[in-house]
Amino acid sequence: MGKLVVIGCASLDVVHVERDEKKVTHESAGGAALYTALAARGCGIDVTLVAPRPNPIPPALEFASAVLNWVGPECSAEEIPRLEIVHYGEGKATLIGASWGAEHSLATSHLPLLNKDDFVHIAALSSAQAQMKFLREAKRHKATVSVGTYARLIQSAKQEVLELFANSDFFFMNANEFRLLFEEGSMSIDSPDQKVFVTDGAAGATIYNGNIKHRISAPAAVEFEPTGAGDTFCGVTLGEILRGIPVVEAAKTACAVASSSVEQIGPTVICQRISKSAKI
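Residues numbered from 1 in each chain as written. Predicted model: local features only at pLDDT ≥ 70, side-chain atom pairs only at ≥ 80, totals over all residues. Heavy atoms only, no water.

### Topic: the overall build of the protein
Along the protein, the regular secondary structure elements total nine helices and 15 strands. For 280 residues, the compact-globule estimate of 2.2 N^0.38 gives 19 Å, and the protein sits close to it at 17 Å. C-alpha extents for the protein along the principal axes are approximately 45 × 40 × 40 Å. Sequence-distant contacts in the protein: of pairs separated by 6 or more residues, those separated by 24 or more amount to 63%. (Helix = DSSP H or I, 4+ residues; strand = E, 2+ residues; numbered from the N terminus. Rg over C-alpha atoms; globule rule 2.2 N^0.38 Å. Contact = heavy atoms within 4.5 Å.)

### Here we look at the sheet that holds strand β3 (residues 22-30)
Spatially, the four strands line up as an open sheet ordered β3-β2-β8-β9, and their pairing is mixed. For this open sheet the edge positions go to β3 and β9 (92-99), each flanked by a neighbour on one side alone. Between one strand and the next, the sheet's axes are offset by a mean angle of 15 degrees, whatever the strand orientation. Pairing between strand β8 (residues 82-89) and β9: seven bridges, direction antiparallel. Counterpart to V86 in the pairing with β9 is T94. (Pairing = 2+ DSSP bridges. Axes fitted to C-alpha atoms, helices over the stretch in contact; angles between N-to-C directions.)

### A short note on the side chain of E225
Secondary-structure assignment places E225 in the loop between β15 (212-216) and α7 (229-242). There is a polar contact of 3.0 Å between the side chain of E225 and the side chain of H26. Within the local environment of E225, its side chain forms a polar contact with the backbone nitrogen of G266, the two atoms lying 2.9 Å apart. Those residues in contact with E225 that lie beyond four places of it in its chain are V15, V17, H26, H87, S261, V262, Q264, I265 and G266. (Polar contact = N/O pair within 3.5 Å; in protein donor to acceptor, adjacent residues only side chain to side chain.)

### Thoughts on the packing of helix α1 (residues 32-41) against α7
Their axes nearest at 7 Å, the elements α1 and α7 cross at an angle of 40 degrees. In terms of their interaxial angle, α1 and α7 are classed as oblique. Here the hand of the crossing between α1 and α7 comes out right-handed. Where α1 abuts α7, its residues A32, Y35, T36, A39 and A40 lie against D231, T232, C234, G235, V236 and G239. Per-class residue counts for the contact of α1 with α7 are six nonpolar, four polar and one charged. (Parallel < 35°, antiparallel > 145°, perpendicular 65-115°, else oblique. Left-handed = near helix turned anticlockwise from the far one by under 90°. Nonpolar A, V, L, I, M, F, W, Y, C, P; charged D, E, K, R; others polar.)

### Comments concerning the nonpolar core
Formed by 83 residues in total, the largest nonpolar core has its most connected members in L4, L34, L38, L49, L68, I122 and F233. Each residue touching F233, except ones within four places of it in the same chain, is listed here: F172, F197, T199, A205, A251, A254, C255 and A258. (Core = buried A, V, L, I, M, F, W, Y, C linked by side-chain atoms within 4.5 Å. Buried < 20%, exposed > 50% of the residue type's maximum accessible area, 1.4 Å probe, protein only.)

### Observations regarding the state of the cysteines
One pass over the structure, following the stated rule, counts zero disulfides. With no disulfide of its own, C75 lies 8.9 Å from the sulfur of C9, the closest cysteine sulfur. Among the residues examined, C75 registers a relative accessible area of 4% and is labelled buried. The thiol of C271 is not disulfide-bonded; the next cysteine sulfur, from C43, is found 14 Å away. (Disulfide = S-S within 2.5 Å.)

### What about unusual backbone geometry?
Of note, the amide linkage connecting N55 to P56 takes the cis form, showing an omega dihedral of 5 degrees. With respect to the helices and strands, P56 occurs in the loop between β5 (53-54) and α2 (62-67). Its identity is not glycine, yet K142 carries a phi of approximately 65 degrees, on the positive side. Tracing the backbone through its elements, the reader meets K142 in the loop between α3 (128-140) and β11 (144-148). Given a relative accessible area of 63%, K142 falls into the exposed group.

### A closer look at the pairing of strand β4 (residues 47-50)
Every other side chain in a regular strand lies on the same face of the sheet, so the side chains alternate between the two faces. Residues V47 and L49 point to one face of β4 and T48 and V50 to the other, with burial holding for every one of them. By the bridge criterion, four bridges tie strand β1 (residues 4-7) to β4 in an arrangement that is parallel. Across the sheet, residue I7 finds its bridge partner in β4, namely V50.

### Remarks on the packing of aromatic side chains
Using the criterion set out here, one finds 10 aromatic pairs in the structure. Considering the side-chain rings of W100 and Y150, the 6.1 Å spacing of their centres and the 40 degrees angle between planes classify their relative orientation as tilted. You can see W100 sitting in the loop between β9 and β10 (119-122) and its partner Y150 sitting in the loop between β11 and α4 (151-156), a full 50 residues away along the chain. Of the residues examined, W100 reaches a relative accessible area of 32% and is grouped as partly exposed. Given the relative accessible area of 19%, Y150 is considered buried. With a centroid separation of 5.3 Å and 75 degrees between ring planes, the pair formed by F165 and F171 is classed as edge-to-face. One exposure class covers both F165 and F171, and it is buried. An aromatic cluster is built from F119, F170, F172, F197 and F233, whose rings are joined through pairwise contacts. (Phe/Tyr/Trp six-rings, centres within 6.5 Å; stacked < 30°, edge-to-face > 60°.)

As structure tokens, this is what we get:
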């Protein structure tokens, strides 16, 4: 079994949850790469997170530092990426503030030694060009490459994201990102081995295993705070596949974990899953 390397950022997030004229605000660990790495770690596999690493580690990121092989450029507390998000329920959210912090210091030289059995997931970065640099380096070592995206990147650099899609082995996006990236019926999968995952909140997910399409339902959940649910789905899917689980079965487990994750704050559910599996 190869290793999983996740590239991106760990952030400190401020999340506002607004329900029935009530507003709850909390701070937690965040970042697409961090959610993905922790979710995969909960499958019982070793995970390397390639991300700017603050010195000292703030309390909110201590658990991640303890359970992940976290490598990357050192940064100060002031350079930690930060997000501020408002959730309104029923999948509606607004990103009201974002700082990529020390993300610019990430380079392909920070990658561990790769081989053909490894999986490399390139999570959200500030530019598609940055993602492509990591994709090309991983491909040079014949690793399997997975890529994630986000709406603002598609809106500003659609052709570059389509190039990432065309060159990836696995591609993860949500239903809104799918609509932004492809015209109706225009998605083309040239390789029978490419796998595409489209999450759709409470409606579950669609998996394209080559040109074979599968629909997966999500278990019912009482949504509280859905930050990172799609990245949780991604991490569990990759973690289960690395354990030898077939793609569709892996995605079913991922849907279940992602659904439960929206019921609690931040990465609470996936951290609990790691603690249970590793007896931490």
